[in-house]
Amino acid sequence: MTAPTAPRTAVERTPVLVDHAELHASLTGLFTGHGIPDARARLAADALCHGDLTGLDSHGVFNLSRLYLPLLESGRCDPRAEPQALTDLGACAVVDARRALGLWAAAEAMDDAVGRAGRHGVGLVSVRGATHFGCAGFHAVRAAHAGMIGVVASNCGGQRIARPPGGAVAMLGTNPLSVAAPALDGHPFLLDMSTTVAPTGRVRVAARRGTPVPAGWLEDAAGDPVTDPSAFDRGEAFLRWLGGTAEAGVHKGYGLGIAVELLAAVVSGAAVGPAPAALEGDGRPHGRDDGIGFFLLAIAPELLRPGADVAAATRSLFGALVDCPPVPGGEPVRYPGWREAELAAERRRHGIPLPPHLHAELTALGLLGGPGSPR
């Protein structure tokens, strides 16, 4: 199945540059207008802008009208929810988010984990009853900014999108995983990935642009490649796991997806994707991303190794990687997080490029001025 062509004029494709500070202030005002307290509204705006600043456009303001506003307006998310600790053992805790907006609730939970790691060497906060938290990397890198290693995982609650290899029924979500750590100055290590080949947001961005997706992203019920991104929301295509095929190691992505269910949902008591309810229906993507679970871990190596110069060891590790000579004619060798840091710095200076349709959508919400307004 191939994607239909959708011709666009050059003007339609030209992005509109939006000032980051303006966008952040507008989002903060929107969230406070929905009842979220000021500090948490600013944190939620930070999390949402992170996607657009770092080039993860599928997890930025693209999701505002599609995901977060419906959550708030439907009552599935409680804007004034106060997360509650159910278990607190010092170095670790289990927290009920009580349907709080995940954009800020996950960030606060990671900050809590960092505080615990500062006292105990490690800090774990396991969260249930949560809602979508945006980019996993936004929350993981908070530990890196505190000089620690951060690990974040999230399942998709009761939403099932991907099938087990060889299975005929969707049973798991995209189940993102992120690891972050201090690296070279201004360029933290930041791995942020779905355990499927691509997250749903990237498929939907492609569908909105009318462009096909690579042959390895989606498959139909028979397991054959699908390149029409709109087939996903029509229920005619499934996301593939990292690895894609048995020969290429699909068990690795699938296994990571299960590992995220264990870490994020079983530990916290959140809703689990592979449940008896998943076997009902026609096997296509189904369920809702309610009752999501988060796993947030912070590790403070300098507390665990008193007297060791961990920072120097880390700089040496990442310095050796960027000093690796590239293949002839190739780009310089970098590590995950480098490009994102460079792009974020550039977009803070020069503006965030938004597709015209998304700029128009935000303008209609009263968040931005018209096309002729200054950045």
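Residues numbered from 1 in each chain as written. Predicted model: local features only at pLDDT ≥ 70, side-chain atom pairs only at ≥ 80, totals over all residues. Heavy atoms only, no water.

In the annotation of an unreviewed UniProt entry, the protein is listed under the name LDH2 family malate/lactate/ureidoglycolate dehydrogenase and assigned to Streptomyces violarus. Annotation of the protein in UniProt includes, under Sequence similarities (unreviewed entry), the sentence "Belongs to the LDH2/MDH2 oxidoreductase family." (UniProt positions renumbered as here; feature names shortened; annotations may be inferred.)

Asker: Explain the overall build of the protein to me, and be specific about the residues and the numbers.
Answerer: When helices and strands are counted, the protein shows 13 helices and 12 strands. For a compact globule of 375 residues, the expected C-alpha radius of gyration is about 21 Å, and the protein comes in at 21 Å, within 12% of that figure. Structurally, the protein occupies a C-alpha span of about 60 × 55 × 55 Å along its principal axes. Counting across all 375 residues of the protein, residues that qualify as buried make up 48%. Restricting to contacts in the protein with at least 6 residues of sequence separation, those with at least 24 account for 69%. (Helix = DSSP H or I, 4+ residues; strand = E, 2+ residues; numbered from the N terminus. Rg over C-alpha atoms; globule rule 2.2 N^0.38 Å. Buried < 20%, exposed > 50% of the residue type's maximum accessible area, 1.4 Å probe, protein only. Contact = heavy atoms within 4.5 Å.)

Asker: Break down a nonpolar patch on the surface for me, with residues and values.
Answerer: Where nonpolar side chains cluster on the molecular surface, the patch consists of Ile 258, Leu 262, Leu 263 and Val 266 and spans about 320 Å² of accessible area. Along the polypeptide, Leu 263 turns up in helix H9 (residues 250-266). Judged by relative accessible area, Leu 263 falls into the partly exposed class, the value being 33%. (Patch = residues over 30% accessible without salt bridge, like charges linked within 9 Å, V, L, I, M, F, W, Y side chains within 5 Å. Areas by Shrake-Rupley, 256 points an atom, 1.4 Å probe, with all protein chains shown as cover. Salt bridge = Lys/Arg side-chain N within 4 Å of Asp/Glu carboxyl O.)

Asker: Describe the sheet that holds strand E8 (residues 218-219), naming the residues involved and giving the relevant values.
Answerer: Strand pairs in the sheet, formed through backbone hydrogen bonds, run parallel or antiparallel to each other. Read across the open sheet, the 3 strands follow the order E9-E8-E10; overall the sheet is antiparallel. A single partner strand is all that each edge strand has here, and the edge strands are strand E9 (225-226) and strand E10 (238-239). (Pairing = 2+ DSSP bridges.)

Asker: Residue-level account of the domain arrangement of the protein, with values.
Answerer: Assigned domains within the protein: domain 1 (16-198 + 249-365) and domain 2 (199-240). The straight-line distance from the C-alpha centre of domain 1 to that of domain 2 is 23 Å. Listed as interface residues are 19 residues of domain 1 and, on the opposing side, 21 residues of domain 2. For the domain 1 and domain 2 pair, buried surface summed over both sides reaches about 1700 Å², with 65% attributable to carbon and sulfur atoms. On the domain 1 side of the contact with domain 2, Arg 163, Val 197 and Ala 198 bury the most area, a combined 34% of that side's loss. There are 1 salt bridge connecting domain 1 and domain 2. Residue Arg 163 is joined to Glu 219 by a salt bridge in which the shortest nitrogen-to-oxygen separation is 3.0 Å. Run the count over domain 1 and domain 2 and you get 5 residue pairs in polar contact (both at pLDDT 80 or more). (Domains from an automatic or database assignment. Buried area = accessible area lost by both parts, 1.4 Å probe. Polar contact = N/O pair within 3.5 Å; in protein donor to acceptor, adjacent residues only side chain to side chain.)

Asker: Pulling in residues and values, what's your account of the packing of helix H2 (residues 20-33) against helix H4 (residues 62-74)?
Answerer: Between H2 and H4, whose axes approach to 11 Å, the crossing angle comes to 30°. Taken together, the axis directions place H2 and H4 in an arrangement best described as roughly parallel. Where H2 approaches H4, its residues Leu 27, Leu 30 and Phe 31 are matched on the opposing element by Leu 64, Leu 69 and Leu 72. For the contact of H2 with H4, the per-class residue count stands at 6 nonpolar, no polar and no charged. (Axes fitted to C-alpha atoms, helices over the stretch in contact; angles between N-to-C directions. Parallel < 35°, antiparallel > 145°, perpendicular 65-115°, else oblique. Nonpolar A, V, L, I, M, F, W, Y, C, P; charged D, E, K, R; others polar.)

Asker: Could you give an account of the pattern of salt bridges, with specific residues and numbers?
Answerer: Counting across every chain of the model gives 15 salt bridges. Across the salt bridge formed by Arg 284 and Asp 282, the nearest N and O atoms sit 2.9 Å from each other. When the shortest N-O distance is used, the salt bridge between Arg 288 and Asp 290 registers 3.1 Å. We classify Asp 290 as partly exposed; its relative accessible area is 25%. Bridged by salt links that share partners, the residues Arg 76, Arg 288, Asp 289 and Asp 290 form one connected network.

Asker: Quick rundown of the environment of Ala 41? Include the residues and the values.
Answerer: By secondary structure assignment, the location of Ala 41 is in helix H3 (residues 38-53). You can call Ala 41 buried: its relative accessible area is 0%. Between the alpha carbons of Ala 41 and Leu 101 there is a distance of 9.5 Å; along the sequence they are 60 residues apart. With residues up to four places along the chain from it excluded, the contact list for Ala 41 reads Thr 28, Phe 31, Thr 32 and Ile 36.

Asker: Provide a residue-level description of the sheet that holds strand E5 (residues 149-154), including the pertinent values.
Answerer: Read across the open sheet, the 7 strands follow the order E2-E3-E4-E11-E5-E6-E7; overall the sheet is mixed. One side of each edge strand has no neighbouring strand; the edge strands of this open sheet are strand E2 (84-88) and strand E7 (187-193). Across the sheet, the mean angle separating the axes of adjacent strands is 15° when strand polarity is ignored. The pairing of E2 with strand E3 (residues 92-96) spans 4 bridges and is classified as antiparallel. Paired with Asp 88 across the strands is Ala 93, a residue of E3.

Asker: Now, about unusual backbone geometry: what can you tell me, with residues and values included?
Answerer: Even without being a glycine, Arg 99 presents a positive backbone phi close to 70°. With respect to the helices, strands and loops of the structure, Arg 99 is situated in the loop between E3 and helix H5 (102-120). A positive phi angle, near 45°, is found at Asn 175, a position not held by glycine. The topology assignment puts Asn 175 in the loop between E5 and strand E6 (177-184).

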